[in-house]
Amino acid sequence: MKEAFPRELLEALSRYVEGIHSTEDIQLLETNLQQNPAFRKFFVCYLNLDAGIASQAAIESPEQLPGTVPADVVPFTTAGRADKRGTDSTVPLRKWLSVAAILLITVGVVLVGMLSNPTKEIKAEQLLAEAQHALTLPLERGYRVEVTGTVAYQEDPPQPEQMIVWTHGNRFRVEVANPTEKWAWGREEDGSIWIVANPNRGLKINPDEIGPALKRYSDRFALDWTSLISDLKQGADLKVSSGTAQQKSIRLHGQFRSGYHRSLLVSVDLELDPSSKAIRKATMVRTRPDQQQETSVFTLVEERPIQEDRYHLEGNLVRPFEILDGKAKTGRRRMIIGNRLGGGNHRWLLPGNNP
């Protein structure tokens, strides 16, 4: 049975997508997103469908899209037009929503059918542009990560049993689950790294304090899609292929040209959703400092409305809290890093002025 949602909620969602929402609309949407799992799923599907239609419309001219209304016709309104009684009227909102929904679903079905069976004519640059557009949606995506290599690397801490990387745009945070506790760490837009020591204490490491081992470790788990897509466009040879019959998708392989990538990436394989172009899976091969290769696989496990505060250290702590930044004693900060990332913590944090 199809899930029904209140009229005012659908109206708020429509205004949100059009960019004409009010503060009350945002409050209504946030309340339902928090309390109603069915609406959360509907919200994600609605935005993904809207993104797929928008990205395809940006590629093809309006007259090429099935069901497109000509530019000189104002859709879904009879304002200024006389009805049978000789008076002006406007199509009721309920009818407007029904017609709009039918058009959206019809065009969406056609586009999904087109994009679920990609042809050789699909260009890699086009796919990357659409994937980048999908990143602008107000969603955060969680990826399960697994790292494997030919041999273990001495600087690497043991990999936790469960690790989920959440990303939005060029920001990321990592949620770590061990048998005894859960904690998180992440990287800010300015390049600083933060680590949660306990619910009331956190560590912030400025960019000029980050040691080579910590930088390599954070680069391994960073899902900065914006930078990665830019690098693929500029420094990789690209190849597009289709997914399997059981798992419809579009796949893009990028082989970096020798000496291009600053993070020692060798190749990247992206698996894209055929309609929304969201990145379902990413496989990254990079060369380590010991010249061995390691493979990192990121698999999409969840999409949800973005939780903005969780991308900052303060949003992961409980008040009252303490933040140990560059002004704190180096010994206390090294101890936290050692507890979280393992022994030999001199490799993580560059020497500072504080004892």
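Refer to the preceding data block for the structure.
This write-up is about the structure you can find in this document.

1. A look at the overall build of the protein
And then number 1: Looking only at helices and strands, one finds eight helices and twelve strands in the protein.
And then number 2: Taken across its 355 residues, the protein has 42% of its residues classed as buried.
And then number 3: Look at the contacts in the protein between residues 6 or more apart in sequence, and 58% of them connect residues 24 or more apart.
And then number 4: Carbon together with sulfur atoms contributes 53% to the accessible area of the protein, which is approximately 19300 Å² in total.

2. Re unusual backbone geometry
With glycine set apart, most residues show a phi of negative sign, and most peptide bonds adopt trans.
And then number 1: At the junction of Arg-319 and Pro-320, the peptide bond is cis and its omega measures out at -5° in the coordinates.
And then number 2: Here the phi dihedral of Lys-277 falls at roughly 70°; this positive angle occurs in a residue that is not glycine.
And then number 3: For Lys-277, the position within the fold is in the loop between β9 (265-272) and β10 (279-287).
And then number 4: The class for Lys-277 is buried, based on a relative accessible area of 1%.

3. Some words on the pattern of salt bridges
When the charged atoms of two side chains lie near each other, side chains of opposite charge can form a pair.
And then number 1: Enumeration according to the criterion identifies 21 salt bridges in this entry.
And then number 2: The partner of Glu-140 in a salt bridge is Arg-304, with the nearest N and O atoms 2.8 Å apart. Residue Glu-140 is located in strand β1 (residues 139-149), and its partner Arg-304 is located in strand β11 (residues 293-305); the two are separated by 164 residues in the primary sequence.
And then number 3: Residue classification places Glu-140 among the buried residues on the basis of a relative accessible area of 0%.
And then number 4: Looking at Arg-304, the relative accessible area reads 18%, which means it is buried.
And then number 5: Among the ionic pairs, Glu-314 bridges to Lys-204, the shortest N-O distance being 3.9 Å. One end of the pair, Glu-314, is in the loop between β11 and β12 (322-324); the other, Lys-204, is in strand β6 (residues 201-205), and 110 residues separate them in sequence.

4. Observations concerning the pairing of β6
Side-chain positions along a regular strand alternate between the two faces of the sheet.
And then number 1: Of all five residues in β6, four are buried, a share of seventy percent or more.
And then number 2: In this structure, strand β5 (residues 193-198) lies alongside β6, joined through five bridges in antiparallel fashion. Its bridge partner lying in β6, Ile-195 is registered against Leu-203.
And then number 3: The turn joining β5 and β6, which pair antiparallel and follow one another in sequence, is formed by two residues.
And then number 4: Two elements, β6 and β12, share three bridges in a ladder whose sense is parallel. For Gly-202, the partnering residue across the bridge sits in β12 and is Ile-323.

5. Observations concerning the side chain of Asn-32
And then number 1: Along the chain, Asn-32 turns up in helix α2 (residues 23-35).
And then number 2: A relative accessible area of 18% means that Asn-32 is categorised as buried.
And then number 3: Those residues within four positions of Asn-32 in sequence are excluded, and the remaining contacts are Leu-9 and Phe-39.

6. With respect to the layout of surface pockets
And then number 1: Within this model, the second largest pocket holds a volume of roughly 620 Å³.
And then number 2: Lining the second largest pocket are 25 residues, and of these Leu-33, Phe-43, Arg-304, Pro-305 and Ile-306 lie nearest its centre.
And then number 3: Tallying contributions element by element places helix α3 (residues 37-59) first for the lining of the second largest pocket, with six residues.
And then number 4: Its residues assigned to classes, the lining of the second largest pocket shows twelve nonpolar, five polar and eight charged.

So, how was this worked out
- Residues numbered from 1 in each chain as written.
- Predicted model: local features only at pLDDT ≥ 70, side-chain atom pairs only at ≥ 80, totals over all residues.
- Heavy atoms only, no water.
- Helix = DSSP H or I, 4+ residues; strand = E, 2+ residues; numbered from the N terminus.
- Buried < 20%, exposed > 50% of the residue type's maximum accessible area, 1.4 Å probe, protein only.
- Contact = heavy atoms within 4.5 Å.
- Areas by Shrake-Rupley, 256 points an atom, 1.4 Å probe, with all protein chains shown as cover.
- Salt bridge = Lys/Arg side-chain N within 4 Å of Asp/Glu carboxyl O.
- Pairing = 2+ DSSP bridges.
- 1 Å grid on protein atoms, 1.4 Å probe; cavity = no way out; pocket = protein on both sides within 12 Å on 5 of 7 lines; lining within 4 Å.
- Points joined across faces, edges and corners; volume = space filled by probe spheres on them.
- Nonpolar A, V, L, I, M, F, W, Y, C, P; charged D, E, K, R; others polar.

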